[in-house]
Amino acid sequence: MKWPNNKVLLSVSALVFVGAWLAIGPNNHVDFNTEVKPILNKKCMACHGGVKKAGGFSLLFREEALAKTKSGKPAIIPGDADGSAFIQVLTHSDPEKRMPKKGDPLTDEEVDILRDWVDEGAAWGTHWAYSPVEKQSAPQPSWWDKLFQKTPWGNSEIDRFVFEKQQQQNSDPLHPSPEADRATLLRRVTLDLTGLAPTAAQYDKFLNDKSPKAYETMVDSLLASPAFGERWAGMWLDLARYADSRGYEKDDVRNIWRYRDWVIKAFNENKPYDKFITEQLAGDLLPNRTENELIATGFHRNTMNNDEGGTDNEEFRTSEVLDRVSTTWEALQGTTFSCVQCHSHPYDPFRHEEYYKFMAFLNNTSDQDVSDEASFLRFFEEKDQKKLDELTEWLKKNTTPQKAEQYTHYVRTLEPRIYFHLFDQYKNGTLEPTAAAMLQNNGSLRLKQAPVKGKRKLLLYYRSRQPATVVRISTDSLNGPLVATTKLDTSRSFQIAYIDLPPFSTRKDLHFSFTNAKVKDQKDDIAALMWVAFWAEDFPGKGKLGYEEQYANFQKLLVTSAETMPIMQENPPEYARVTRVFERGSFLSPAAAVAPDVPKSLHAFPKNAPRNRLGLAQWLTSKQNPLTARVAVNRFWEQLFGTGLVETLEDFGSQGFTPTHVELLDYLSYKFMHEYNWQMKPLLKEIVLSATYRQDSRATDAQIAQDPTNRWLARGPRVRLTGEQIRDQALIVSGLLSNKMYGKPVMPYQPQGVWQVVYSGISWKRSEGEDAYRRAIYTFIRRSSPYPSMLTFDGSNRDVCLARRIRTNTPLQALVTLNDSAFVEMSIKFAERMEKEGGKNVSSKLQRGYWLMTGRPLPPAKQKVLVNLYTEAVRRFEKERAKAVRWIGRETATPNDAALAFVANTMLNMDEFISKQ
């Protein structure tokens, strides 16, 4: 590519500089966000922010900053800097009285900025990220078309934004790089859109397609590939803290893989992002909810569950809710909201009580920190599913659609119900942690203020192995008015007793006592109580044909064993929880009750929206929301370029990094919402078709000197691949990759002894057949012991939401790709493929292998090194043929076989293979 001479570029730069100077002007006001706020955050907020308010003075909100301090006077007097104590203490001659007390004093320039700001009225500004997303027009300078008639670079509005920023950086402006060669570009875009390296067929097709639309055609095919959903789901599962185990001490198996599959399908379907969010936050509250919408709510059931004995179930349930609050803000709003749990945010406009008002949206779900991970969705075996289908059809014909759905849903979820740990006043009984309430003879317990008003049925879910055990239920006290007496059944492990209730006009304390006249040892357990539920009516359709059969079918299904998956379920009004502010964030210090609400510093809650998770989803996906689209677009950009337009993906607040291209971010965010209607695929297409994305990633000395981290995008992205991508493309070039999608997690090769966790009997059982070679997204993730090779390459253990993986470079990574048995096997298969497809001599075999890896010919210098390595390896293996057999794992292996596999192993460690260029 040829570029205009320096005189042209300097004149362009001069025009930009003059325009900027004229825009600033000599009478421009001090800008709060760019000039004042950074000084306050760096020098003042530690003592005068949301955590501390030394002297009764806070700079977090304007009304606090202008309020009276402990001195009885305000520290800031708008329009009078000299009379403001705030300015006086910054310039005090006595070092003991000068502020700040800790750290370096303010510079003269910083003091002048604050002085001018106060004199101008101490106006507060809105942080850029909390301002509405406005429609942006791409720069249209008069010199653009003339310049690019001679230098044809830039085919999109994205390029105009990028080029303008490049020209503003230095007196010697940055120059965009030429387009990457076709093979490199294909590999880059294929890795970015599908997470896989191109196949030989894709290389052949693209490199031989000379049409002007060849690249766009390839992009369209990649966006339509099933692999697209698998690649982008990996990004989302980090945010969703998805794992196949529960966490904490026992870290037992969690059966939630259907949520992972839902995410993959959602990306492949190009589900609009607003709908994608809504279904995950509130799929259970949508009208005519579907099974898939219930599965989607697994997003917030990926929280950890503590099965350890002796824990407080309510404490850890609350801990899960707190995690959901923090995750919602970090994943969807790019905001460090978790610190507001303990105090008002020290740097951003969020108050302590607003955290708990927001928490109230998420605090009314029926899940519990119990061993069965309720609430859940049940999946029956084929024969039991047929029974459910028959029941569903009968209900549709013999009752209202609403009631039919209600009873079918109850079979699938068993909600609402009240678990054992919410009972109290135990006598001759114990609360077995996370399992059940264990009752001895004459044992009793109380359910305080049971929701019996208007209810006609009590369901008692229990286990009893002692015949003749009777439960007596009374109100007000153990000897109070009798409600019912029921003999417990011992014919099955778990049973439900259906108990008629008298009419109640108010809530009542219910007392349950368990007795057995035949049991002599009073210390023997005679029953275990798991949960109770209350119904407002009898099973519908009484008197209709088939009633007795279907009622019996219904009862059997309630106690039938089934596979379960944790989901979110909203509590009905009579089970509603009260949310309280926790003083200093402590669960043990509940204070004032609060109602669901959103922070006042952001846009208003939608009118007529329900004050529940569905209304919250509407607020989050409103086009007035300043954060949702920006955060999503920035995350997509980071996945493509290695760094976001805002580098701190997790923090768009005033302590996060300032955007390098704020206008470009808003341009894409506005378009994402209004033109693309929240659809991700057309947005990604626009980005990857831009000349900015298609640039060569090789950097000149001048580019490195001026912009070492490529903040101004004068060259293409060059980053190390994720652990999942490295494994997947090694599988694809070796010919081992299975294209099987969905289903239960798999267990490929893992070193022995990695899983040694107390109190858990689960073990790593290596998958057989093609399951051992499936994409990394299907690999079993255990929180206490994630898959080692992916963890070494900066993968997440999924304990908490992870907005950004920080790339590292350690010797352990090389040890994985050189020595891990999975990579050794892939190297052997890769060598076999080179042997089969590469011709007769070693050089041609290596050329074929390198082409399969990169789509480019092997450079002569590297070929020489690899051929020498092969020759030396053959020599050594001929001396020690047993090593060749061990290396290949085949008795018939020759020194040449082992040497080629050894070289293949080296090739899979080359920088151009483990990096995206």
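The preceding data block contains the structure.
Engineer: Looking at this structure, how should I read the overall build of the chain?
Structural biologist: Counting its regular elements, the chain contains 33 helices and 15 strands. Its C-alpha atoms put the chain at 100 × 90 × 55 Å along the principal axes. The buried share among the 917 residues of the chain stands at 55%. Considering only intrachain contacts with a sequence separation of at least 6, the fraction spanning at least 24 residues in the chain is 72%. Counting only carbon and sulfur atoms, one obtains 51% of the accessible surface of the chain, whose full area is about 40200 Å².

Engineer: Mind showing me how you'd approach the pairing of strand β4 (residues 436–450) here?
Structural biologist: Working note: regular strand, side chains alternate between the two faces of the sheet. Of all 15 residues making up β4, eleven are buried, and the element is well covered by its neighbours. With four bridges joining them, β4 and strand β10 (residues 525–535) adopt antiparallel strand pairing. Each bridged residue has a counterpart across the sheet, and for A437 the counterpart in β10 is L529. Of the strand pairs in this sheet, β4 and strand β9 (residues 508–515) are connected by six bridges, and their pairing is antiparallel. In the sheet register, G443 faces β9, and the bridge partner there is F514.

Engineer: Would you mind showing me how to read the pattern of salt bridges here?
Structural biologist: For side chains of opposite charge, pairing can occur when their charged atoms come near one another. Counted under the stated rule, the structure contains 64 salt bridges. One salt bridge connects R254 with E373, and the closest N-O pair in it is separated by 2.6 Å. Here R254 is found in the loop between α11 (226–239) and α12 (257–268), whereas its partner E373 is found in the loop between α16 (352–362) and β1 (376–379), with 119 residues between them in sequence. When sorted by exposure, R254 lands in the same class as E373, which is buried. Each of K53, E63, E64 and R351 takes part in one network of salt bridges that share partners.

Engineer: Would you take a moment to explain the pairing of strand β5 (residues 457–463) for this structure?
Structural biologist: Burial analysis of β5 places six of its seven residues in the buried class, the great majority of the element. Sheet topology note: the β5/strand β8 (residues 495–500) ladder contains six bridges and is antiparallel. Residue pairing for β8: L459 is matched across the bridge by Y498. Strand direction decides the pairing type here: β5 and β10, joined by seven bridges, are antiparallel. Bridge pairing in β10 places Y461 opposite W531.

Engineer: Would you mind going over the state of the cysteines with me for this structure?
Structural biologist: Should the sulfur atoms of two cysteines be covalently bonded, the bond is a disulfide. Throughout the structure, instances matching the rule amount to zero disulfides. In this structure C44 is not part of a disulfide, and its nearest cysteine sulfur, from C47, lies 9.0 Å away.

Engineer: Quick question: what am I supposed to make of the environment of T660 here?
Structural biologist: By the element assignment, T660 lies in the loop between α21 (628–641) and α22 (662–674). With 143 residues separating them along the chain, T660 and A517 place their C-alpha atoms 79 Å apart.

Engineer: Help me understand α22 in this model?
Structural biologist: Each α-helix winds once per 3.6 residues, and so residues spaced three or four apart point in a common direction. Across its 13 residues, α22 extends 18 Å between first and last C-alpha, which sits within 8% of the 18 Å expected from 1.5 Å per residue. For α22, the complete set of buried residues consists of L664, L665, D666, Y667, L668, S669, K671, F672 and M673. Buried-residue contacts for α22 involve α7 (157–168), α13 (273–282), α21 and α23 (680–689).

Engineer: When you look at the packing of helix α8 (residues 182–194) against helix α10 (residues 214–223) in this model, what are you seeing that I'm missing?
Structural biologist: Packed helices, taken two at a time, are described by their axes: the angle between them and the distance between them. Relative orientation of the contacting elements α8 and α10 amounts to 25°, with a least axis distance of 10 Å. When the axis of α8 is compared with that of α10, the two are roughly parallel. As for how α8 packs across α10, the hand of that crossing is right-handed. Across the interface between the two elements, R182, L185, L186, V189, T190, L193 and T194 of α8 pack against A214, Y215, M218, V219, L222 and L223 of α10. Counted by class, the contact of α8 with α10 contains ten nonpolar, two polar and one charged residues.

Engineer: Explanation requested: the side chain of Q703 in the structure shown.
Structural biologist: Mapping Q703 onto the fold places it in helix α24 (residues 701–706). The contacts of Q703, once residues within four sequence positions are left out, are H175, S177, R698, P708, A714 and R715.

Engineer: What is the right way to read unusual backbone geometry from this model?
Structural biologist: The bulk of non-glycine residues show a negative phi, and the bulk of peptide bonds are trans. Residue M99 is joined to P100 through a cis peptide bond whose omega torsion reads 0°. Looking at the secondary structure, you find P100 in the loop between α4 (85–88) and α5 (108–119). The omega torsion across A374 and S375 is 5°, close enough to zero to call that bond cis. With respect to the element layout, S375 can be found in the loop between α16 and β1.

Engineer: Please clarify how a negative patch on the surface should be interpreted in this entry.
Structural biologist: A cluster of acidic side chains, namely D80, D108, E109, D112, D116, D119 and E120, defines a negative patch on the protein surface. With respect to the helices and strands, the residue D119 is situated in helix α5. For D119, a relative accessible area of 41% corresponds to the partly exposed category.

Engineer: Just to check I follow, could you spell out the side chain of R715 for this structure?
Structural biologist: Within the fold, R715 resides in the loop between α24 and β14 (719–720). With no salt bridge to any partner, buried R715 finds its closest opposite charge in D707, at an N-O distance of 4.9 Å. Reaching out from R715, the side chain makes a polar contact with the backbone oxygen of D707 at a distance of 3.1 Å. Within the local environment of R715, its side chain forms a polar contact with the backbone oxygen of P708, the two atoms lying 3.0 Å apart.

Engineer: Just to check I follow, could you spell out the packing of aromatic side chains for this structure?
Structural biologist: Two descriptors summarise a pair of aromatic rings, namely the distance from one centre to the other and the angle between the planes of the rings. A complete count under the given rule lists 59 aromatic pairs for this structure. Judged by centre distance (6.0 Å) and plane angle (50°), the rings of F539 and Y547 are tilted. Accessibility expressed as a relative area gives 2% for F539, which makes it buried. A centroid spacing of 5.4 Å and a plane angle of 70° characterise the contact between F672 and W678, whose relative ring orientation is edge-to-face. Pair check on accessibility: F672 and W678 agree, each one buried. Between K681 and the ring centre of F228, over which it is positioned, the NZ or CZ distance is 4.9 Å.

Engineer: Help me understand α7 in this model?
Structural biologist: Given a rise of 1.5 Å per residue, twelve residues ought to cover 16 Å, and the 17 Å separating the end C-alpha atoms of α7 matches this to within 8%. Counted residue by residue, α7 has nine buried out of twelve residues, so it is predominantly covered. Of all the positions in α7, only I158, D159, R160, F161, V162, F163, K165, Q166 and Q167 are classed as buried. Sitting at the head of α7, S156 places a side-chain oxygen 3.3 Å from the backbone nitrogen of I158.

Engineer: How should I be thinking about the nonpolar core in this particular structure?
Structural biologist: Buried together is how nonpolar side chains tend to be arranged in soluble globular proteins. Residues W236, Y259, F267 and M907 are the most contacted members of the largest nonpolar core, which totals 159 residues. If we ignore the near neighbours within four places in the chain, the residues touching M907 are F830, M834, L846, G849, Y850, M853, L866 and F913. Residues V370, M438, A484 and L510 belong to the second largest nonpolar core, which totals 62 residues.

Engineer: Sorry if this is basic, but what is going on with the packing of α16 against helix α20 (residues 613–620) here?
Structural biologist: Relative orientation of the contacting elements α16 and α20 amounts to 120°, with a least axis distance of 8 Å. Accordingly, the angle class assigned to the pair α16 and α20 is oblique. On the side of α16, the interface is formed by F358, F361 and L362, while α20 contributes R613, L616 and W619.

Engineer: Would you explain the environment of S767 in this entry?
Structural biologist: Relative to the elements of secondary structure, S767 occurs in the loop between α25 (723–734) and α26 (788–792). Its relative accessible area of 17% is what places S767 among the buried residues. Placed 415 residues apart in sequence, S767 and H352 show a C-alpha to C-alpha distance of 49 Å. Once residues lying within four places of it in the same chain are set aside, the contact partners of S767 are V746, M747 and A772.

Engineer: Can you help me understand the environment of A882 in this one?
Structural biologist: Turning to its location among the elements, A882 is positioned in helix α31 (residues 881–888). Classification of A882 as partly exposed rests on a relative accessible area of 47%. When the C-alpha positions of A882 and P895 are compared, they lie 9.4 Å apart, and in sequence the two are 13 residues distant.

Scoring rules and cut-offs
Residues numbered from 1 in each chain as written. Predicted model: local features only at pLDDT ≥ 70, side-chain atom pairs only at ≥ 80, totals over all residues. Heavy atoms only, no water. Helix = DSSP H or I, 4+ residues; strand = E, 2+ residues; numbered from the N terminus. Buried < 20%, exposed > 50% of the residue type's maximum accessible area, 1.4 Å probe, protein only. Contact = heavy atoms within 4.5 Å. Areas by Shrake-Rupley, 256 points an atom, 1.4 Å probe, with all protein chains shown as cover. Pairing = 2+ DSSP bridges. Salt bridge = Lys/Arg side-chain N within 4 Å of Asp/Glu carboxyl O. Disulfide = S-S within 2.5 Å. Expected span 1.5 Å × (residues − 1). Axes fitted to C-alpha atoms, helices over the stretch in contact; angles between N-to-C directions. Parallel < 35°, antiparallel > 145°, perpendicular 65-115°, else oblique. Left-handed = near helix turned anticlockwise from the far one by under 90°. Nonpolar A, V, L, I, M, F, W, Y, C, P; charged D, E, K, R; others polar. Patch = residues over 30% accessible without salt bridge, like charges linked within 9 Å, V, L, I, M, F, W, Y side chains within 5 Å. Lys, Arg positive; Asp, Glu negative; His and termini not counted. Charge placed at Lys NZ, Arg CZ, Asp CG, Glu CD. Polar contact = N/O pair within 3.5 Å; in protein donor to acceptor, adjacent residues only side chain to side chain. Phe/Tyr/Trp six-rings, centres within 6.5 Å; stacked < 30°, edge-to-face > 60°. Lys NZ or Arg CZ within 6 Å of the ring centre and 35° of its normal. Core = buried A, V, L, I, M, F, W, Y, C linked by side-chain atoms within 4.5 Å.

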